[in-house]
Amino acid sequence: MKETNTVLFLLVALLTGCASYSLKEGATPANASAAPPDPKLVCRLLEASRCAYGVERFGVLSDRQEFLTCANGLRDWRAIDDQDQHINAVLVELADDAVIIAYRGTLPPRRDGDSKATLEDWTQDIEAGQVAENNIDGKMHAGFHGGFQQTWDSLMAALQAWKGKGELERKKVYVTGHSKGGAMAVISALHLYNQGVKPDAVYTFAAARAGDQAFVTGYGKMEIATWRYENRFDIVPHLPPNMGDVNVLASHFIIPAALRTHEYQSTGNLVFINWEGKLQPDSQGLEEERIRRFDSLLEKPGAAEVILNAHSAEKTRQYYQAICAQTNP
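Anyway, here's the lowdown on the structure attached to this text. (Residues numbered from 1 in each chain as written. Predicted model: local features only at pLDDT ≥ 70, side-chain atom pairs only at ≥ 80, totals over all residues. Heavy atoms only, no water.)

## Section: the overall build of the chain
Phase 1: Within the chain, the regular secondary structure consists of eleven helices and twelve strands.
Phase 2: Within the chain, contacts between residues at least 6 apart in sequence are counted, and of these 74% link residues at least 24 apart.
Phase 3: Carbon and sulfur atoms form 51% of the exposed surface of the chain, whose accessible area is close to 14,000 Å². (Helix = DSSP H or I, 4+ residues; strand = E, 2+ residues; numbered from the N terminus. Contact = heavy atoms within 4.5 Å. Areas by Shrake-Rupley, 256 points an atom, 1.4 Å probe, with all protein chains shown as cover.)

## With respect to the pattern of salt bridges
Where charged atoms from two side chains of opposite charge come close, those side chains can pair.
Phase 1: Under the defined criterion, the tally for this structure stands at twelve salt bridges.
Phase 2: A salt bridge links arginine 78 to aspartate 76, with the nearest nitrogen and oxygen atoms 2.8 Å apart.
Phase 3: We classify arginine 78 as partly exposed; its relative accessible area is 29%.
Phase 4: The class for aspartate 76 is partly exposed, based on a relative accessible area of 22%.
Phase 5: A salt bridge links arginine 228 to glutamate 230; the shortest N-O distance between them is 2.6 Å. (Salt bridge = Lys/Arg side-chain N within 4 Å of Asp/Glu carboxyl O. Buried < 20%, exposed > 50% of the residue type's maximum accessible area, 1.4 Å probe, protein only.)

## Section: the packing of aromatic side chains
Phase 1: Taken as a whole and assessed by the stated rule, the structure comprises five aromatic pairs.
Phase 2: An angle of 50 degrees between the planes, with centres 5.2 Å apart, marks the rings of phenylalanine 148 and tryptophan 152 as tilted. Taken together, the residues phenylalanine 148 and tryptophan 152, both in helix H5 (residues 142–164) and four residues apart, mark about one turn of the helix.
Phase 3: Three or more aromatic residues link up through ring pairs in this structure, and these residues are Tyr203, Phe205 and Tyr229. (Phe/Tyr/Trp six-rings, centres within 6.5 Å; stacked < 30°, edge-to-face > 60°.)

## Description of the state of the cysteines
Phase 1: The final tally for this structure, using the stated rule, is two disulfides.
Phase 2: The residue that forms a disulfide with cysteine 43 is cysteine 324, at a sulfur-sulfur distance of 2.1 Å. With the S-S dihedral at roughly 115 degrees, the linkage between cysteine 43 and cysteine 324 falls on the right-handed side. Taken together, the residues span a long stretch of sequence, with cysteine 43 in helix H2 (residues 39–51) and cysteine 324 in helix H11 (residues 318–324) at a distance of 281 residues. Like cysteine 324, cysteine 43 is buried.
Phase 3: Note that cysteine 51 is cross-linked by a disulfide to cysteine 70, the S-S spacing being 1.6 Å. (Disulfide = S-S within 2.5 Å.)

## A short note on H2
Phase 1: Given a rise of 1.5 Å per residue, 13 residues ought to cover 18 Å, and the 18 Å separating the end C-alpha atoms of H2 matches this to within 8%.
Phase 2: Counting buried positions along H2 gives ten out of 13 residues, so the element sits mostly inside the fold.
Phase 3: Taken together, the buried positions of H2 are Leu41, Val42, Cys43, Leu45, Leu46, Glu47, Ala48, Ser49, Arg50 and Cys51. (Expected span 1.5 Å × (residues − 1).)

## Overview of the sheet that holds strand E8 (residues 172–178)
Phase 1: Across the sheet, which stays open at both edges, the eight strands sit in the order E3-E4-E5-E8-E9-E10-E11-E12 with mixed pairing between neighbours. Every interior strand has two partners, whereas the edge strands, strand E3 (76–81) and strand E12 (279–281), have only one. Averaged over all adjacent pairs, the angle separating strand axes in this sheet is 20 degrees, with direction ignored.
Phase 2: One ladder, built from six bridges, connects strand E5 (residues 98–103) with E8; its direction is parallel. The residue bridging isoleucine 101 from the neighbouring strand is valine 175, located in E8.
Phase 3: Contacts from helix H9 (residues 286–298) reach strand E10 (226–231), strand E11 (269–273) and E12, with the element oriented near 40 degrees to E11. (Pairing = 2+ DSSP bridges. Axes fitted to C-alpha atoms, helices over the stretch in contact; angles between N-to-C directions.)

## Quick look at the packing of H9 against helix H10 (residues 303–311)
Phase 1: Where H9 contacts H10, the axes come no closer than 9 Å and their chain directions differ by 135 degrees. Taken together, the axes of H9 and H10 are oblique relative to one another. Contacts from Phe294, Leu297 and Leu298 in H9 reach Ala303, Val306 and Ile307 in H10.
Phase 2: Here the contact of H9 with H10 is composed, by residue class, of six nonpolar, no polar and no charged. (Parallel < 35°, antiparallel > 145°, perpendicular 65-115°, else oblique. Nonpolar A, V, L, I, M, F, W, Y, C, P; charged D, E, K, R; others polar.)

## Overview of unusual backbone geometry
Phase 1: Even without being a glycine, alanine 206 presents a positive backbone phi close to 55 degrees.
Phase 2: Along the chain, alanine 206 turns up in the loop between strand E9 (201–205) and helix H7 (213–221).
Phase 3: Its identity as a non-glycine residue notwithstanding, phenylalanine 233 has a phi of 65 degrees, on the positive side.
Phase 4: Relative to the helices and strands, phenylalanine 233 resides in the loop between E10 and helix H8 (243–249).

## Thoughts on the pairing of E9
Phase 1: Within E9, five of the five residues are buried, leaving the element largely enclosed by the surrounding structure.
Phase 2: Burial along E9 is two-sided: Ala201, Tyr203 and Phe205 facing one way and Val202 and Thr204 facing the other are all buried.
Phase 3: Two strands pair when backbone bridges link them, and E8 and E9 are joined in this way by five bridges, in the parallel orientation. Opposite glycine 177, over in E9, you have threonine 204 as the bridge partner.
Phase 4: On the question of chirality, the crossover connecting E8 to the parallel E9 by way of helix H6 (residues 180–194) is right-handed.
Phase 5: Pairing of E9 with E10, which is carried by four bridges, proceeds in the parallel orientation. Bridge pairing in E10 links tyrosine 203 to tryptophan 227.
Phase 6: Taken together, E9, H7 and E10 form a β-α-β motif whose crossover is right-handed. (Right-handed = clockwise from strand over helix to strand, strands pointing away.)

Below, the structure is given as structure tokens:
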């Protein structure tokens, strides 16, 4: 069982961007007084996060019809990748009412069999060491911070170009992302704030942890309205693990030493997709219930498939169905 669980852990860690399942956490909300999420906006940002997976090499939006529709109805858009390794990307949408900055999650395996970029992306995801930066409290995940940096200059150039044309006047700024993209969105929001652009809101979906407790606390001081959506049985919102997580996970998985040495916490106000597929806010006892049910799942056949499906942002999966079902009946 231990060997099987080791494979499961590594598979989930790689495919989901070594993200975070907060089995035991006391994370500080980004802004406990933030207004409740607007369901239509949440669905809109989940769509943008999903569309970010259509950004291909050299900032080309995939010609698959599903992703071409993401550019419809926009005044302008930019599909930005890192122009080097092609493993980090952000889709920037300019609409009549807002600018949406959507970070792409970890690359899935390519259909043409070229796995080099995917493997490099996974390697970046498991760089779980921490880095510090001036003007930012705490420490950040080295891999996610490095990925964010590789698209930052191009993002700022796009925003400056639109600003020069007067396109940013009276527009809200939203930052979003799925999986690894969620962690990068949080890091980006802080940098935008330090550049004098305070995001109106940050929404993450299945986000990996971006930093330690000091980072989360410092982020909260910025009072950026931030919401994180986490699905039942999705392990991504709980890695890299903190010591509380390790104590729980070690009974099922062999935890690599590199993931035992740093404290990580989740950023933002939790909205949980429960076992009935409904949205609910954080509540007393929820963490303990998640631990109990997750432990039970890991003892059953097919646990790996359940966990991987729980992480997906596709329209047939649980994030999309729970968030967009009522807004797109």
